[in-house]
Amino acid sequence: MTQPNAHGFDSGQEPVMQNILVIDDDKLMCLALAKILISAGYNVVQAGDGEEGLKLYRSQDFDLVITDLIMPDKEGIQIIRELRKENSRIRIIAMSAGGRGGATDYLKWARLMGAKQCLSKPIKREDLLDAVQAVLALP
């Protein structure tokens, strides 16, 4: 079987729809990320908070989860911990604009908890797509 390229297509040019779950309480950020990913050929499901994200993850198959770290109710670190407990091979990208400790501290913790890539907000389109491609290419 061939591997998808950066545009979500295999060598036969048939679409390879990879499923991505985006979890962010910022509706505009969630929508912006979804639009970028959809335009690149990915199938995207959005969740507005951690609890909704976990429910969606448990009800569907996802190739990748992208989660914000600072959210009300259930923060991204908790989401990463729960998802990794259920599936140790899960691919996760963490993102954060910071908070009291700054984005660097939160993203460092996310990587220690199992995030494969970490992105600081605001996120450039190219950086998002490069991170997604890199994480999806992992074995």
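Please refer to the structure higher up on the page.
Cut-off values and rules
Residues numbered from 1 in each chain as written. Predicted model: local features only at pLDDT ≥ 70, side-chain atom pairs only at ≥ 80, totals over all residues. Heavy atoms only, no water. Buried < 20%, exposed > 50% of the residue type's maximum accessible area, 1.4 Å probe, protein only. Helix = DSSP H or I, 4+ residues; strand = E, 2+ residues; numbered from the N terminus. Pairing = 2+ DSSP bridges. Right-handed = clockwise from strand over helix to strand, strands pointing away. Core = buried A, V, L, I, M, F, W, Y, C linked by side-chain atoms within 4.5 Å. Axes fitted to C-alpha atoms, helices over the stretch in contact; angles between N-to-C directions. Contact = heavy atoms within 4.5 Å.

A.B. asks: Whenever I open this one, the pairing of strand 3 (residues 64-68) confuses me. Can you help?
C.D. replies: Working note: regular strand, side chains alternate between the two faces of the sheet. Judged by how many residues are buried, strand 3 sits mostly within the fold: five of five residues are covered. Here strand 1 (residues 19-23) pairs with strand 3 via four bridges, running parallel. Bridge pairing in strand 3 links leucine 21 to valine 65. Sheet analysis places strand 3 next to strand 4 (residues 92-96), joined by four bridges and oriented parallel. Along strand 4, the bridge assignment pairs threonine 67 with alanine 94. Handedness of the crossover is the feature at issue here: the chain leaves strand 3, passes through helix 3 (residues 76-86), returns alongside strand 4, and the resulting connection is right-handed.

A.B. asks: Whenever I open this one, the nonpolar core confuses me. Can you help?
C.D. replies: Nonpolar side chains in soluble globular proteins tend to be buried together. With 23 residues, the main nonpolar core has Leu37, Tyr42, Ile66, Leu128 and Val132 as its most contacted residues. Elements with a contribution of two residues or more to this core: strand 1, helix 1 (27-39), strand 3, strand 4 and helix 5 (125-136).

A.B. asks: Explanation requested: the sheet that holds strand 4 in the structure shown.
C.D. replies: Strand pairing in a sheet is mediated by backbone hydrogen bonds. Such pairs are either parallel or antiparallel. The five strands are arranged 2-1-3-4-5 in an open sheet whose pairing can be described as parallel. In the strand order of this sheet, the two ends are held by strand 2 (43-47) and strand 5 (117-120), each with one partner. For this sheet the average axis-to-axis angle between neighbouring strands, irrespective of direction, equals 20°. Bridge count for strand 1 against strand 2 is five bridges, and the pairing is parallel. Of the residues in strand 2, the one forming a bridge with asparagine 19 is asparagine 43. Helix-sheet contacts for helix 3 involve strand 1, strand 3 and strand 4, and the interaxial angle to strand 3 is about 155°.

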